[in-house]
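Structural characterization, general
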Amino acid sequence: MPFTTPRGTHDILPDEARRWQWLEARFRHACALAGFGEIRTPMFEETDLFARGVGEDTDIVTKQMYSFTSPGNDRLTLRPEGTAGVVRAAIQHSLLTPGNVEKLFYYGPTFRYERPAKGRFRQFAQLGVEVFGAPGPDIDAELLAFASDFLAGIGLCTAVLEINSVGCPECRPLYRDALRNALAGVRGELCPDCDRRYDSNPLRILDCKVERCRELSADVPVILDVLCEPCKTHLAGVEAGLRALGVAFVVNPHIVRGLDYYTRTAFEFIAGNLGAQNTVLAGGRYDGLVAELGGPATPGIGFAAGVERLLLSVGEGAGETERPGVVYLAALDANARDTALVLATTLRRAGVPTALDYLSRSLKAQMRDANRQGAWYVLILGGDEMTRGEAALRDMRGASQSTLALDAVVPYFRDVYAGLSTTVDKE
RNA sequence: GUGGGUAUAGCUCAGUAGGUUAGAGCGCCAGGUUGUGGCCCUGGAGGUCGGCGGUUCGAGCCCGCUUAUCCACCCCA
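Small disclaimer: the values here were computed from a predicted structure and weren't measured.

**A few points about the nonpolar core**
If you look at the biggest cluster of nonpolar residues, it comprises 66 residues, and the most contacted ones within it are L151 and L310. By residue number, the principal contributor to this core is helix α5 (residues 137-153), which donates 9 residues. In terms of nonpolar packing, the next biggest core, distinct from the first, is built from 28 residues, I60, L259, Y286 and V290 among them.

Laid out in structure tokens, this is it:
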């Protein structure tokens, strides 16, 4: 095997690609209903955009970025997440005028240099949405309902929504201090990772899976107790909105986001069948990010989901779409093959999906090929019929056979396939 | 970056205490029908047993290294 896919990447073969198309179509459909417009940004950006946007000290920026220097000496990075680029574009093209709400969605490959595991890849696709300019908790609730309905629509109605507030620049530092104070006495008992986190990011200790750490942090103060009044009110507003919209959720004060830009609302949808990487869709509010990246102070909120993870969680069977079967042209001799070639192209120009044999195989082999391709009809072009200007028409589903005049073939099938979509399901 | 599992045909996997030409199912090709699919029967093609090195008279099987992959940790979608 001379060449294989680089570590953590994979090829998507036709059968699997159909599932991807199905998922993407569902997402686009949902976005269209909710008034999101698509934005396509470059797959790489200036490295500094991510460093400033995502946060200098985050794992993503410190060790997971595919960064390179271009021949022109620009420092560039393959995007490790979607939001920073979208924000950059929104600023660059003045989409964020005061008093305007901008709703955008994106879909595309994302890159992180990590050790691959179940549901985690070095190149993966993310789909996501961003809402700019809307500060109120009602938007948060609406966005969560949107996400929840999208997940339910692809068969993930069992995903559990957990929400939290990570506070704002006013109250988060207070909580950090409160955490350190509470754990100072037992610091020596924490696991090595948490000992490090104590200094770097004590909030992460709440997320630790080590039994002892969980015990130690069990009755530590919760951020919800330390939130400032505006943050408290906001969270209450989100909860009320969710209840009004009938979206089930649990408040999990231990949710911590890995990106620095989040403020107030943070959330995750957890799927039960993915092992350790069980977060299937996540996001939050980022009221300071636009300003941080040099734009007009603009609140924002959004989420992202990993396509591979979604597909993994949905399971093998999902996303299989029914498409009309082809008309298969079976030719019995060289003369018939010439006719078949012309006929195939003519039929396709008329919108009829058509297949034919390329190897001059026996009729038996061509029939088998037709069957395997799921053909609805086989048009048998044989010497006897052709001299009469006809062809044998076999209905592969009913197994009945009849005769069709050659010059009636195109109009006949145009009628049969009229109105049938030959592309992927719109739903 | 850390720990563990796995690596045999296109796919899913067998392979007995190391011993002749490495097997099965599925898939693929062909024949059974002189112009006809799905089921069935018969035959066929296809493998440097991940790579390198070592132990041995002899290695798919044992040892070392290496690569890939999977799982867990870290973190995250």
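**Digging into the domain arrangement of chain A**
Buried accessible area, meaning the area lost when the parts come together, often serves as the stated size of an interface. We note that the domain assignment places domain 1 (14-171 + 227-314) and domain 2 (327-417) within chain A. Each of domain 1 and domain 2 has a C-alpha centre, and the two are 50 Å apart.

**As for the environment of S402**
Mapping S402 onto the fold places it in strand β16 (residues 400-405). Look past the residues within four positions of S402 in its chain and what remains in contact with it is A391, A392 and L393.

**A short note on the packing of aromatic side chains**
Taken as a whole, this structure holds 14 aromatic pairs when the rule is applied. Ring plane angle 90° and centroid distance 5.5 Å describe the contact between F27 and F105, whose orientation is recorded as edge-to-face. Taken together, the positions of F27 in helix α1 (residues 14-34) and F105 in strand β5 (residues 102-111) put the pair 78 residues apart, joining distant regions of the chain. Its relative accessible area of 0% is what places F27 among the buried residues. When its relative accessible area of 5% is taken as the criterion, F105 is described as buried. Ring plane angle 55° and centroid distance 4.9 Å describe the contact between Y261 and Y262, whose orientation is recorded as tilted.

**A look at the state of the cysteines**
Scanning all chains against the criterion turns up 0 disulfides. Counting only cysteine sulfurs, C31 is the nearest neighbor of C157, a cysteine outside any disulfide, at a range of 20 Å. A relative accessible area of 60% means that C157 is categorised as exposed. For the unlinked cysteine C171, the closest cysteine sulfur is that of C228, found at 3.7 Å.

**Considering the pairing of β5**
In terms of burial, β5 is largely enclosed, as 8 of its 10 residues are buried. For β5 and strand β6 (residues 123-132), the ladder comprises 10 bridges, and the chain directions are antiparallel. Residue pairing for β6: F105 is matched across the bridge by V129.

**With respect to helix α14 (residues 363-372)**
Among the residues of α14, those classed as buried are A365, Q366, M367, D369 and A370. On its buried side, α14 packs onto β12 (327-331), β14 (377-381) and β15 (390-395). One or two steps after α14, the chain reaches G374, where phi turns positive at roughly 75°.

Calculation notes
Residues numbered from 1 in each chain as written. Chains lettered and ligands numbered in written order. Predicted model: local features only at pLDDT ≥ 70, side-chain atom pairs only at ≥ 80, totals over all residues. Heavy atoms only, no water. Core = buried A, V, L, I, M, F, W, Y, C linked by side-chain atoms within 4.5 Å. Buried < 20%, exposed > 50% of the residue type's maximum accessible area, 1.4 Å probe, protein only. Helix = DSSP H or I, 4+ residues; strand = E, 2+ residues; numbered from the N terminus. Domains from an automatic or database assignment. Contact = heavy atoms within 4.5 Å. Phe/Tyr/Trp six-rings, centres within 6.5 Å; stacked < 30°, edge-to-face > 60°. Disulfide = S-S within 2.5 Å. Pairing = 2+ DSSP bridges.

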